[in-house]
Each structure stands twice: as C-alpha cells, then as structure tokens.
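# Results of the structural survey
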Amino acid sequence: MTSQAGSITVDEIKKAKIEDLFSSFSTNAEGISTQEAQKRLQEYGYNEIEEKRVNPLRKFLGYFWGPIPFVIEVAAVLSALISHWEDFWVIIALLSINGVVAFFQEHKADNAINLLKKKLALQVRTIRDGKWMEISAKELVPGDVIRVRLGDIIPADVKLFDGEYLLVDESALTGESLPVEKHFSDVAYSGSVVQKGEMTALTVLTGMKTYFGKTAKLVEEAKTKSHFQKALIKIGNYLIALAVALIVVVFLVAMFRQESLIETLQFALVLMIAAIPAALPAVLSVTMAVGATVLAKKQALVSKLVAIEEMAGVDTLCADKTGTLTKNDLSVAELVTFDKFAESDVLLFATLASRGEDRDHIDNAIIAKSRNSDVFNQTKSYRKISFKPFDPVIKRVEAVIEDASGNKFMVSKGAPQVILALVLKKDNISERVEESVRNLASKGFRSLCVAKTNLEGNWEFVGIVSLYDPPREDSKDTINIAMKMGISIKMVTGDHIEIAKEIARELDLGTNILTASQIIDKSDEEIQNTVERSDGFAQVFPEHKYKIVELLQSKGHIVGMTGDGVNDAPALKKADVGIAVFGATDVAKSAAHIVLTQPGLSVIVDAIKESRKIFQRMNNYAIYRISETIRILFFLVSSILIFSFYPITPLMIVLLAILNDIPIMTIAYDNVRISNNPERWEMRKVLGIATGLGLIGVVSSFTLLYLGINILDLKTGPLQSLIYLKLSVAGHLLFFIARTRGHFWTVKPALRLFLAIIATQTIATIITAQGILVPAIGWYNALFVWAYALVWFVITDFAKDPIYKLLENAKLHR
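Here we summarise the structure given alongside this text.

Basis of the calculations
- Residues numbered from 1 in each chain as written.
- Predicted model: local features only at pLDDT ≥ 70, side-chain atom pairs only at ≥ 80, totals over all residues.
- Heavy atoms only, no water.
- Pairing = 2+ DSSP bridges.
- Helix = DSSP H or I, 4+ residues; strand = E, 2+ residues; numbered from the N terminus.
- Axes fitted to C-alpha atoms, helices over the stretch in contact; angles between N-to-C directions.
- Contact = heavy atoms within 4.5 Å.
- Buried < 20%, exposed > 50% of the residue type's maximum accessible area, 1.4 Å probe, protein only.
- Salt bridge = Lys/Arg side-chain N within 4 Å of Asp/Glu carboxyl O.
- Core = buried A, V, L, I, M, F, W, Y, C linked by side-chain atoms within 4.5 Å.
- Parallel < 35°, antiparallel > 145°, perpendicular 65-115°, else oblique.
- Left-handed = near helix turned anticlockwise from the far one by under 90°.
- Phe/Tyr/Trp six-rings, centres within 6.5 Å; stacked < 30°, edge-to-face > 60°.
- Nonpolar A, V, L, I, M, F, W, Y, C, P; charged D, E, K, R; others polar.
- Expected span 1.5 Å × (residues − 1).
- Patch = residues over 30% accessible without salt bridge, like charges linked within 9 Å, V, L, I, M, F, W, Y side chains within 5 Å.
- Areas by Shrake-Rupley, 256 points an atom, 1.4 Å probe, with all protein chains shown as cover.
- Polar contact = N/O pair within 3.5 Å; in protein donor to acceptor, adjacent residues only side chain to side chain.

### Re the sheet that holds strand β13 (residues 408-414)
Strands belonging to one sheet form pairs held by backbone hydrogen bonds; the direction of such a pair is parallel or antiparallel. Ordered by their spatial adjacency, 6 strands build an open sheet running β10-β15-β14-β13-β12-β11, and the pairing between neighbours is antiparallel. Two strands bound the open sheet, and with one partner strand each, they are β10 (331-337) and β11 (383-391). Within this sheet the neighbouring strands show an average axis-to-axis angle of 20 degrees, counted without direction. Where β10 and strand β15 (residues 459-468) come together, 5 bridges link them in antiparallel fashion. The residue bridging Val 332 from the neighbouring strand is Leu 467, located in β15.

Quick look at the structure:
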C-alpha cells in the first residue's frame, strides 16, 4: 500500500528497522574463518528461499486423479456395475502400474532439474580465513565480507563499507524503474542488480530473513511449455476430439440397434483411453529433462527448458569473438610510447590502473607482464587512494595514485577514442594514435590507451598497450562443422574492424564485417539484407547486439546470441536462444537460456547437436502417437459400424494402452540421426505421414479380421484375442517405422528402448497364447500373428518413402 501525506506504511517501518540493524552491525573487513562460517551456517541456515515442496505421497496420488486416470476409473466402475469383476480388477491393477511407472519417471525428471538448479547457483567472492575465495551464494552467512561489482546479482542484504559507489537496479524488488545510487554505509538488498560501480560489503541478512525475502533464480521451472510441447498437446486434444466424435457416432448406432447402453458406455470409455495419449506428459518431461542433463554433461546448462526446442532450430549464431572464437587468454603484445614516456612508463601506469582481485582479463594480462619486469617492484612505491572500475558506458578505468613524495595524480586506461578525448593537446597526436591502432589491429592486436595527469592536473597521453587474444585451436574446425549443419556464424566484437577481419581470415569466416555505425540510424528496410549477408560485426557496443538480433529475426531467422555482460541482457532475452558464455556476469546468466561452463564455440555446436536429437525424438513420438490412434480408432469404429462387431474387448483396450505406453517412455534415450539442417516444426508433414501410416494399419487389421473369420475359423473370443495381439505387436513395430526418415534399419534403436518393447510384447504374446485374462489362441496362432505383423511391417516401411516424397513435392508446389 502507498503512504498518505503525514503517514508511513508498515513496509517503510520494517525497512527502517532493518536499516537500524545494519547501522548497528560492526564491520570486520577481514571477514570470518571457515570454521566460524560453518557454525553460522548451522545457526542461520542456507542463504536460500524455501520453495513450496510437494508431498511425495500427494504427488503419487495425483497420478490417479487426473482426467486420463479418471476415464479409466469410470470404466472400472462400469465393469463392476455389469458384474465384469475380472475386468474391474485387471483395470485397477493396470492403472496402479501406470501410476507407479509415471511417478518414478517424472521423479527422475525432477531430480535432473534440481541438479541443474544446483549447477546454476549464484557464486560470490568472499573473504574466508583472510583470503579471497569464490563460494556458492547459498553458503553465505552473516558476517561474510563480499565483493559486488558490475553485473552481479546481490546475494544477500548487505552493508556497503568500502568503495566509491554502486548504481543498483531494484526494479525486480520494488517496481521502481530508476536505478538507486548506493554509497558508504548504505544497505543493498538481496536480488537487486549492480549496474555500475564496485564495492566491498558486509553480509547481515540471508535467506528468508532478507527484507524482500527473495533471491534470483537462474533456472526456469520445468513446467514452462515450449512451442513444440504446446503443439504436441494440441495434437493430443485433436485426437481426443476425434475420439469423442467417433464415440458419439457409436452411441447413436447402439441406440438405433437397441444394444446395451451400459456396455456401450464402457466400451466408449475404454475407446477414449486408446485415443488419449496417456504417456504424453511423462514422455515430454522425461525427454526434456534427460536432454537437459546430457547438455549439462557437455558443459551447457539449460536455464530455461524451452531453449532445447529453440536451439534445434537455430540457423544463425552471433558469436562473441573474445572467449568464444578466441581463447580469452590475453597477453601484452607490443607497447607503443608517446612523447617523453618510455615503454616501462606505459607498463607502469597501466599496472597502476589495474586491480588483480577483480579477476579482469585485461588487468590480469597487464599485471602478468609487469611481474616479468622491473616495473612490478616500482609499483610498490605508489599507493592507490581510490579506484573506479571499468564502466561500459564511459569505456575506461580511473584511479587516484600517491607517489613516494606524497604527490597525487590520476591514471586511466581504456578505449583509444575515450582516452584521447581526455588529453589537452589531442590534435597533435590523434593522427599518430589512430595510425598506431590501425597497424596493431592489422596484426590482430587490441589497443588499450593509457594516460596520466601532470602536476597541473592536465591529462597526458602515455602510450598504447596492445593485447593479443589468439583464436582457439578448435574454432576453425568447429565453424566448418557448424556450416555443414546449416548454421551461419557471425562474429560479434567490440574490437576494431581490422582486428575482426584478421581473426575472421584466420578462421575462414569471411571478411564482410560491418561496423556499428553501418547499422545504426538507418531504417530496417535499408539494412536488413546487408546484415543478413554480413560475416560479422565490429566496434559493437552491447546495445547494438539487440538491433542485430532484431534485424535477423525480421528476416525469418532463428537467432542464437552470445553475451557475458550486464548490458548484453536485453539482446540475450531478445534472441531465440540467449547464450551466456563462460565467465558471464550473473545478470547475463539470468537473462540467457543456456549458460556455458566451458569456453569455446564447440560447446555451443555440441549443444545444438544435442537439441536436434531431442527434437527428433519428440517429432518421432508425435508421428507414432497420431498414426497409432488413427490405426486403432478407425479400425474399431469401422468394425462396429459396418460389421456390428466389437473386434476387441474393453479390457484388451486397457491392456493395449498400458503395455504400449510404458516402453515408449524410454524414447528419451533413443538413438537418432542428427539433421544437417535446422529443425522446424512441420505440422502438415507430421499429420500427413502419420495419417498415411495409420491408414495402412487399418487395412492390415481388416485383412487379419477377414483371415481370422474365414481362414482360421475362430470364434468371437479367440478372434478378439488374435486382433488384440496384432494391434499390440504392430503398434510397437509401427514405432520402429516412425522413428526414422529412411528405412527402419538405417538408425539402430537404443538398447533400453528395444528391450522394453520386446519385454512388453513378450508379455502380450504370453497373455494371448496361454489365455491369461483373455481367451487363448494358442502358440500357433500367436506366431502367425507375429509373422503377419512383420510382413506388414516391411510393407509399411517401404510405403513410407513414397508418402514422404509426396508430401515434400506438395510442399514445393505450394
């Protein structure tokens, strides 16, 4: 609630009390010991928000109360009403087995998601035992001294005590859109984002005790549905609607023929069971979770499960040069001096404008260079009074230094144009600076300029530090693999265009590189085609990445974008697949769909390959599920309407539904052939091939029905058992057809899938041959059904290719 004039809200009182607590908390800049941290962890608990946990028993019982179990339960009740007690107990037993299997499969999926959450936990730098170290934010306790900087998500309620300032975004907590400036002794709240600055802080409140009582989550809940999942659920709804329509027709015919309405209702309900894709939720959950686990093993953590589908469709990947195409292992290459300054001066003042504890790659390279010279010893005679870390807006670092004589001066290092703008007589040296930068860039070197103030307080240009970041050994081969997979790689870098062209030449990427100035301030119509044809982008600021993604998407591309900084977040969110590269800030990770735990382009390409496998499995399942439903529904309903004959009993339909669904859950582990092109959801093709395969199955079932009546001379009971076994065996053989684009032998099925199918069909064969629960047909007829099903299996497999070609030709002529 908002405060009225002359009054304050309860929230404001609470906040004031918390700030009083912070102001009374004494600061120990040396942090605490590991032993003390363990004691406090026991006392205060982990720094996390307790999530609402679902009681396992309640979750298990939930598998018996959904719409699908309800239909089966009603069928069981109707069996009891008409005194079919054997059917009643069998249906209840099968329902229980299905519930137990679904529970354990989804339990495995939940465990996979929880594992991802642990791997994506926020990390924080803290002092333990007098040393800076990185720990999980979950293990943070009151009294810990932490370092927060640009791009970090603040992991607890903290009191700031060292540093100049922080600019903090609290919009996710307060709804206030403008960032808040924080200074010495101010309070920064858990879940807020550091947009500028760097400070040391004391942890005071953690977990549920924090003011806002919430922490940032980097893993989206598993319940979020992708476009593909939604499409499959729509297919399920379509199949149910089709079943309802056919059941209505069966009811009308039964009423006209004056048949028992209760028995017709029982059959109608179990017919609905055959139509409902009962395993769909479990198959989706298990396949996505298993896929996410496999991606994690390949060093790509899925923070949003929907990304698995989108990743399979990526056709354009905008890859950061630094750390993705190159090693991100910077070293100082050449030093360029100006005026009175020597190379040692350039390195000295660059080192004074660096700070090792920030883990900045540029600072580390400069400090490493100075350690290998006499410069590092010289730095000990200087004292750092203040330090402003790198700001992506002003593009430089600034520090106030005091020398041994007590004289104070400022040093700064940063982008050439920014440092040059500080210098009083820049016109005299600007041409030489630009020429030096170009020459260094042509060698693939990145330029960083250094300046210092003189006794009058005017800035003097000291020199240029050039840095080299060599391409990764695997980048060239990985780019070739990606191109063969139909993926266009576009380099994105903030470096000079000549550096970008040199690296592109080394990697065979193409040198049609655009600069940011060529894509901004122009209409989309003017630049769309140019951006699409380009090989990369140089001198790009993070805000330009958003524009690049938008332009590529407007041309119909599925775009992947890499990023690591706080300002990359909008582009990562805008991209179809945002990828936070190794070492990315917390903000970039929270905005991304995929978080890499290893540097390099090969990790991304591996993730795309795995995503295409997952997509293939779900596509195969869709084809199988639709064709199976068409095959059963049309055959059963046609038999009832045309021949007034129920080809299988309600119990057989329940057996068919349960035994055929259980092994299909192992589709998550099936072998598939990776597509050489980005995957797209083609509903027309899926429905077309599924319908064709399903109708062939209807023909084969009617042919067997004819043979059973006229050749085998079977009575009604054994005939129904014969048809049941055929539907069961042919159903799983149909899956072996649906899972490949070519002939069934082109891709070997996974062993666990194959064994699961063999096991369930062995059970179905024994049941019918021996007469367990259903009338016996004997082993001779059972083997005949297997032979018959295998013949039609081969016929259907060879008919599949012409159906695909027909659909593909129809697509070309549309």
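### Points about the sheet that holds strand β17 (residues 513-515)
Pairing is mixed in the open sheet, where 8 strands are placed in the order β8-β21-β20-β19-β9-β16-β18-β17. Sheet topology places β8 (300-302) and β17 at the edges, where each strand pairs with a single neighbour. Taking each pair of neighbouring strands and ignoring which way they run, the sheet shows an average axis angle of 20 degrees. The pairing of strand β16 (residues 488-492) with strand β18 (residues 536-538) spans 2 bridges and is classified as parallel. In the strand pairing of β18, Met 491 is matched with Gly 536. Against the sheet, helix α18 (residues 497-507) contacts β16, β17 and β18, and its axis sits at roughly 165 degrees relative to β17.

### Section: unusual backbone geometry
A negative phi angle is the norm for most residues apart from glycine, just as the trans form is the norm for most peptide bonds. Positioned with a positive phi, Gln 539 is a non-glycine residue whose angle comes to about 55 degrees. Along the chain, Gln 539 falls in the loop between β18 and α20 (542-554). The phi torsion at Leu 773 lies on the positive side, around 75 degrees, for a residue other than glycine. In this fold, Leu 773 is placed in the loop between α27 (751-770) and α28 (778-812).

### Focus on α18
Of all the residues in α18, the buried ones are Ile 497, Ile 499, Ala 500, Glu 502, Ile 503, Ala 504 and Leu 507. Of the residues trailing α18, Asp 508 is marked for its positive phi of about 60 degrees.

### Quick word on the pattern of salt bridges
Two side chains that carry opposite charge are able to pair once their charged atoms sit near each other. By the definition in use, this model includes 25 salt bridges. Put simply, Lys 413 and Asp 363 hold a salt bridge, and the shortest N to O gap is 2.7 Å. Of this pair, Lys 413 sits in strand β13 while Asp 363 sits in helix α13 (residues 361-371), and the two are 50 residues apart along the sequence. For Lys 413, a relative accessible area of 3% gives the class buried. Among the ionic pairs, Lys 685 bridges to Glu 682, the shortest N-O distance being 3.9 Å. Each member of the salt-bridge network shares a partner with another, and the members are Arg 147, Arg 149, Glu 198 and Arg 355.

### Description of the nonpolar core
The nonpolar side chains of a soluble globular protein tend to be buried with one another. Among the nonpolar cores identified, the biggest contains 71 residues, and Ile 623, Ile 648 and Tyr 724 are the most heavily contacted of them. Those elements that provide at least two residues to this core are α7 (227-256), α8 (261-275), α23 (601-643), α24 (650-664), α25 (683-710), α26 (716-738), α27 and α28. Those residues within four positions of Tyr 724 in sequence are excluded, and the remaining contacts are Ile 648, Met 652, Leu 655, Leu 656, Leu 659, Ala 764 and Thr 768. Val 158, Ala 296, Val 531 and Ala 569 belong to the second-largest nonpolar core, a separate cluster that totals 46 residues.

### Here's the deal with the pairing of strand β19 (residues 559-563)
With respect to burial, β19 is a largely interior element, 5 of its 5 residues being buried. Both strand β9 (residues 316-320) and β19 contribute to a ladder of 3 bridges, which runs parallel. Bridge assignment links Thr 316 to a residue of β19, and that residue is Val 559. Summarising the sheet, β19 and strand β20 (residues 577-580) pair through 4 bridges and their orientation is parallel. Paired with Met 561 across the bridge in β20 is Gly 578.

### Structural notes on the packing of α23 against α25
Contact geometry of α23 with α25 gives a least axis separation of 7 Å together with a crossing angle of 40 degrees. One finds that α23 runs oblique with respect to α25. Pair α23 / α25 crosses with right-handed handedness.

### Notes on the packing of aromatic side chains
On inspection of all chains with the given rule, the structure shows 14 aromatic pairs. For the pair Phe 338 and Phe 461, a centre-to-centre distance of 4.9 Å together with 75 degrees between the ring planes defines the contact as edge-to-face. Of this pair, Phe 338 sits in the loop between β10 and α12 (343-352) while Phe 461 is found in strand β15, placing the two residues 123 residues apart along the sequence. Neither residue differs from the other here; Phe 338 and Phe 461 are each classed as buried.

### Considering the packing of α26 against α27
The contact between α26 and α27 brings their axes to 10 Å, and the two run at 170 degrees. As the angle between them shows, α26 and α27 are arranged roughly antiparallel. Here Ser 721, Tyr 724, Leu 725, Ser 728, Val 729, His 732, Phe 735 and Phe 736 of α26 lie close against α27, whose contacting residues are Leu 753, Phe 754, Ile 757, Thr 760, Gln 761, Ala 764, Thr 765 and Thr 768. Split into classes, the residues belonging to the contact of α26 with α27 amount to 9 nonpolar, 7 polar and no charged.

### Details of the side chain of Ser 475
Along the chain, the position of Ser 475 falls in helix α17 (residues 475-484). Filtering out sequence-adjacent residues up to four positions away, Ser 475 remains in contact with Thr 324, Leu 325, Leu 507 and Leu 601.

### Observations concerning helix α16 (residues 426-442)
Here α16 contains 17 residues, and its C-alpha end-to-end distance of 23 Å stays within 8% of the 24 Å for a straight helix at 1.5 Å per residue. Listed in full, the buried residues belonging to α16 are Ile 429, Ser 430, Val 433, Ser 436, Val 437, Leu 440 and Ala 441.

### Observations regarding a nonpolar patch on the surface
On the surface, Val 244, Val 248, Leu 252, Met 255 and Leu 261 cluster together into a nonpolar patch covering about 450 Å² of accessible area. Looking at which element gives the most residues to the nonpolar patch, the answer is α7, with 4 residues. Mapping Val 248 onto the fold places it in helix α7. According to the relative accessible area criterion, Val 248 is partly exposed, its value standing at 44%.

### Considerations on the environment of Ser 701
Tracing the backbone shows Ser 701 in helix α25. With 88 residues separating them along the chain, Ser 701 and Ala 789 place their C-alpha atoms 9.5 Å apart. The contact partners of Ser 701, leaving out residues within four places of it in the chain, are Phe 635, Ile 723, Lys 726 and Leu 727.

### A word on the environment of Lys 388
Tracing the backbone shows Lys 388 in strand β11. The residues touching Lys 388, leaving out its near neighbours within four places in the chain, are Glu 164, Val 397 and Glu 398.

### Observations concerning the pairing of strand β3 (residues 145-149)
Taken residue by residue, a regular strand's side chains alternate between the two faces of the sheet. In terms of burial, β3 is a largely internal element, 4 of the 5 residues being buried. The pairing of strand β1 (residues 123-128) with β3 spans 2 bridges and is antiparallel. Along β3, the bridge assignment pairs Thr 126 with Ile 146. As paired strands, β3 and strand β7 (residues 193-205) are joined by 5 bridges and run antiparallel to one another. When the bridges of β7 are listed, Arg 147 appears paired with Thr 200.

### Re the side chain of Lys 182
Note on placement: Lys 182 falls in strand β5 (residues 180-182). Among the polar contacts made by the side chain of Lys 182, one reaches the main-chain carbonyl oxygen of Val 187 at a distance of 2.7 Å.

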